[in-house]
Amino acid sequence: MASEAHEPITSQEYIQHHLTNLVCGKTESHGWTCDPHYSEEMGFWAFHVDSLGWSIFLGILFIGLFRWGLPKLASASEAPTGLQNFIEMCVEFVNENVQSIFTSAKNNLIGPMALTVLVWVFLMNLMDLIPVDYLPELAKGVGLEYFKVVPTTDPNITLGMALAVFILIIFYSIKIKGLKGFLAELTLHPFGKYLMPVNLVLEGVNLIAKPISLGLRLFGNLYAGEMIFILIALMLTFSSISVGLLGVGLHLIWALFHILILALQAFIFMVLTIVYLAMAHETQDH
Amino acid sequence: MNINATLFGQTVAFVIFIAICWKYVWPPIIAIMEEREKRIADGLEAAKKADDSLEEAQLAFDQEMNKAKAEAAELLEKANARASQIVVDATAKAGIEAEKILTSASKTIENDVNKAKEELRQKMSALIIETSEKILGDEINTDKHQELLAKAASEL
């Protein structure tokens, strides 16, 4: 529980505490600091160390699992077992999706990217299933006042990935169609060249909406899920056994249901990434 | 829930992880899977080939078997024919032999009969002479009437 014996906190404070990141940034008065008291002062040049830390840790976990999870002498002559099976299943699943969406063009970056997105986002989402107080309490034990565990409940993380996808969309659009082709796509549709400004607005919104919706969809789903976990956990802070038991039951039910959302959101993020990049590769007019 | 430089941090991390995955994670997995796919395809093809050759062998076996059966039947027929021929030959030989034996036996019998007849004739003539001597007394001289006796004997 977040409530400590000597200073009972209100529900609002409990929720607020769970929604605050461990932030390090540059302040006017104290230079670079991780003191949460100066978080207001940091402005843009601040980093959510917890979100980034977990995200990078889970990324490394993904790489490690898939790079060294294969047996040392993985050979095609032996039937795959255990972890290798799982890895191949993931890769095959991703590959199938990529091949079904990426029909016109060939790009061998898409497969690895989709795999990274799927597994990494899934791992980040999975952190949501760890009861909301466990890791923050541990962090408190080593002196970190705020500690958010699920990276995908941080819009910076989801929009950060969406930004990378956006950059790739623009990169491949220009690479495949040429700068001229890309600009033509932005300005000559859907109304022809005489309504260029209208076209640009429409297509521009269309283009910008892709990364924003991609990032916010993941963030929104996970943030809402996390919030419900926090509210359920809040029930356990009341000094009533029946409410507490109800809370445990609800937590179980929500966690089971949430497994579906976690996997689904990771899958959606991957599929949309592939779709957006496939669209960037399409040269024909539409 | 404020947007800050974390966003760029995550973008950079994302790009780096994609790059690592692209360079070091994806290729070995795909290579293994593709090689296995190829092996399985080869294996299936080999199995199909083996199946075909088995069928061929079965066919050849059946042919050989039929041929052998036909040969055996032919041999059996020949043997039967030969056996009956042997029996026929043997029967014929035996018939000839039997006839020969019969002929020689009848000849012997005839000889014996002639011999006995001759003996009987001589004994008869002797007996006649003796009887005649007894009747006529010593009138008849054996030497004298030899001719008559022989005549009588031949007439018997």
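Residues numbered from 1 in each chain as written. Chains lettered and ligands numbered in written order. Predicted model: local features only at pLDDT ≥ 70, side-chain atom pairs only at ≥ 80, totals over all residues.

Per an unreviewed UniProt entry, the recorded name for chain A is ATP synthase subunit a, and the organism is SAR86 cluster bacterium BACL1 MAG-120920-bin57. For chain A, the Function (unreviewed entry) comment in UniProt is given as "Key component of the proton channel; it plays a direct role in the translocation of protons across the membrane." UniProt, in the comment section headed Sequence similarities (unreviewed entry), describes chain A in these words: "Belongs to the ATPase A chain family." (UniProt positions renumbered as here; feature names shortened; annotations may be inferred.)

Asker: Looking at this model, I keep getting lost on the overall build of chain A. Mind explaining?
Answerer: A count of helical and extended segments in chain A gives nine helices and three strands. When the helices and strands of chain A are placed in sequence order, the string is α-β-β-α-β-α-α-α-α-α-α-α. Once the C-alpha set of chain A is aligned to its principal axes, its extents read approximately 70 × 55 × 40 Å. Here chain A, with 286 residues, has 35% of them falling under the buried criterion. Contacts spanning at least 24 positions in sequence make up 66% of the contacts within chain A whose residues lie at least 6 apart. (Helix = DSSP H or I, 4+ residues; strand = E, 2+ residues; numbered from the N terminus. Buried ≥ 20, exposed ≤ 12 C-beta atoms within 10 Å, placed from the backbone. Contact = placed C-beta atoms within 7 Å.)

Asker: How should I be thinking about the overall build of chain B in this particular structure?
Answerer: For chain B, the count of helices and strands is two helices and zero strands. Against the 2.2 N^0.38 benchmark of 15 Å for 156 residues, chain B shows a C-alpha radius of gyration of 61 Å, more extended than a compact globule. Projected onto its principal axes, the C-alpha coordinates of chain B cover approximately 190 × 25 × 20 Å. Taking all 156 residues of chain B together, the buried fraction comes to 10%. (Rg over C-alpha atoms; globule rule 2.2 N^0.38 Å.)

Asker: I would appreciate a short explanation of the interface of chain B and chain A in the present structure.
Answerer: Accessible area lost upon the coming together of the parts serves often as the stated size of an interface. Taken residue by residue, the interface counts 29 residues in chain B and 37 residues in chain A. Residues of the side of chain B that touches chain A, tallied by class, amount to 21 nonpolar, five polar and three charged. (Nonpolar A, V, L, I, M, F, W, Y, C, P; charged D, E, K, R; others polar.)

Asker: Sorry, what's going on with the sheet that holds strand 2 (residues 31-33) of chain A here?
Answerer: Remark on secondary structure: sheet strands pair via backbone hydrogen bonds, oriented parallel or antiparallel. Residues and elements named next belong to chain A. On the basis of which strands lie adjacent, the open sheet formed by three strands has the order 2-1-3 and antiparallel pairing. Where the open sheet ends on each side, the last strands, each with one partner, are strand 2 and strand 3 (46-48). For this sheet, the mean angle separating the axes of adjacent strands, direction not counted, is 10°. When strand 1 (residues 23-27) meets strand 3, the two strands line up antiparallel, connected through three bridges. Across the sheet, Gly25 pairs through a bridge with Ala46, a residue of strand 3. Its contacts with the sheet place helix 3 (residues 49-68) against strand 1 and strand 3, and it is angled at close to 50° to strand 3. (Pairing = 2+ DSSP bridges. Axes fitted to C-alpha atoms, helices over the stretch in contact; angles between N-to-C directions.)

Asker: I tried to follow helix 7 (residues 155-187) of chain A on my own but got confused; where do I start?
Answerer: The periodicity of an α-helix, 3.6 residues per turn, causes residues three or four places apart in sequence to face the same way. Here helix 7 of chain A spans only 31 Å end to end across 33 residues, well under the 48 Å set by a 1.5 Å rise per residue. At A:Gly178, helix 7 of chain A is deflected by roughly 110°, the largest bend along its length. (Expected span 1.5 Å × (residues − 1). Bend = angle between axes of the 7 residues up to and from the residue.)

Asker: Before we go on, may I ask you to explain the pairing of strand 1 of chain A in this structure?
Answerer: Two faces make up the sheet, and in a regular strand the side chains alternate between them. All names here are of chain A. Bridge count between strand 1 and strand 2: three bridges; the pairing is antiparallel. Paired with Gly25 across the strands is Thr33, a residue of strand 2. Between strand 1 and strand 2, which pair antiparallel and follow one another directly, the connecting turn spans three residues.

Asker: For this particular structure, what's the right way to read the environment of A:Leu218?
Answerer: All names here are of chain A. Tracing the sequence through the fold places Leu218 in helix 8 (residues 196-235). Exposure remark for Leu218: the 26 C-beta atoms within 10 Å place this residue in the buried category. For the pair Leu218 and Tyr14, spaced 204 residues apart in sequence, the C-alpha to C-alpha distance is 24 Å.

Asker: Is there a simple way to think about the UniProt feature "transmembrane region" (unreviewed entry) in chain A in this case?
Answerer: Residue and element names in this part refer to chain A. Listed under "transmembrane region" (unreviewed entry) in the UniProt record, and renumbered for this structure, are residues 52-70, 109-127, 157-174, 227-246 and 252-278. Annotated as residues 52-70, this span is 89% helix and 0% strand, and its ends, taken at the C-alpha atoms, are 27 Å apart. A helix fraction of 100% and a strand fraction of 0% characterise residues 157-174, whose end C-alpha atoms lie 26 Å from each other.

Asker: Would you mind going over the packing of helix 7 of chain A against helix 1 (residues 6-136) of chain B with me for this structure?
Answerer: Two quantities define a packed helix pair, namely the angle between the axes and the distance from one axis to the other. Look at helix 7 of chain A against helix 1 of chain B: their axes get within 7 Å of each other, and the N-to-C directions meet at 50°. With respect to their mutual orientation, helix 7 of chain A and helix 1 of chain B come out oblique. Handedness of the helix 7 of chain A/helix 1 of chain B crossing: right-handed. The residues of helix 1 of chain B that touch helix 7 of chain A, namely those facing A:Asn156, A:Ile157, A:Leu159, A:Gly160, A:Met161, A:Leu163 and A:Ala164, are B:Thr6, B:Leu7, B:Phe8, B:Gly9, B:Gln10, B:Thr11, B:Phe14 and B:Val15. Counted by class, the contact of helix 7 of chain A with helix 1 of chain B contains nine nonpolar, six polar and no charged residues. (Parallel < 35°, antiparallel > 145°, perpendicular 65-115°, else oblique. Left-handed = near helix turned anticlockwise from the far one by under 90°.)

Asker: What is the right way to read the nonpolar core from this model?
Answerer: Of all hydrophobic cores here, the largest spans 69 residues; its most connected members are A:Ala114, A:Leu118, A:Trp120 and A:Val121. Looking at which element gives the most residues to this core, the answer is helix 5 (residues 110-126) of chain A, with 12 residues. If near-sequence neighbours (up to four positions away) are discounted, A:Trp120 is found in contact with A:Leu58, A:Gly59, A:Phe62 and B:Phe17. (Core = buried A, V, L, I, M, F, W, Y, C linked by C-beta atoms within 7 Å.)

Asker: Looking at this structure, I do not really get the confidence of the model for chain A. What am I missing?
Answerer: As a general rule, the predicted coordinates of low-pLDDT regions are not to be interpreted in detail. All names here are of chain A. When pLDDT is averaged along chain A, the result is 86, and 94% of the positions lie at 70 or above. Averaged over each element, pLDDT in chain A is lowest for helix 2 (residues 39-42) (78) and highest for helix 5 (94). Of the regions scoring below 50 in pLDDT, residues 1-6 engages in 10 contacts with residues more than four places distant in sequence or in other chains. (pLDDT = per-residue confidence, 0-100.)

Asker: Looking at this structure, I do not really get the packing of helix 4 (residues 82-101) of chain A against helix 1 of chain B. What am I missing?
Answerer: Remark: helix 4 of chain A packs on helix 1 of chain B, axes separated minimally by 10 Å, with the N-to-C direction vectors making an angle of 90°. Viewed along their axes, helix 4 of chain A and helix 1 of chain B adopt a mutual orientation that is roughly perpendicular. Between helix 4 of chain A and helix 1 of chain B, the residues in contact are A:Ile87, A:Glu88, A:Val91 and A:Glu92 and B:Ile29, B:Ile30 and B:Met33, respectively. Along the lines of polarity and charge, the residues of the contact of helix 4 of chain A with helix 1 of chain B split into five nonpolar, no polar and two charged.

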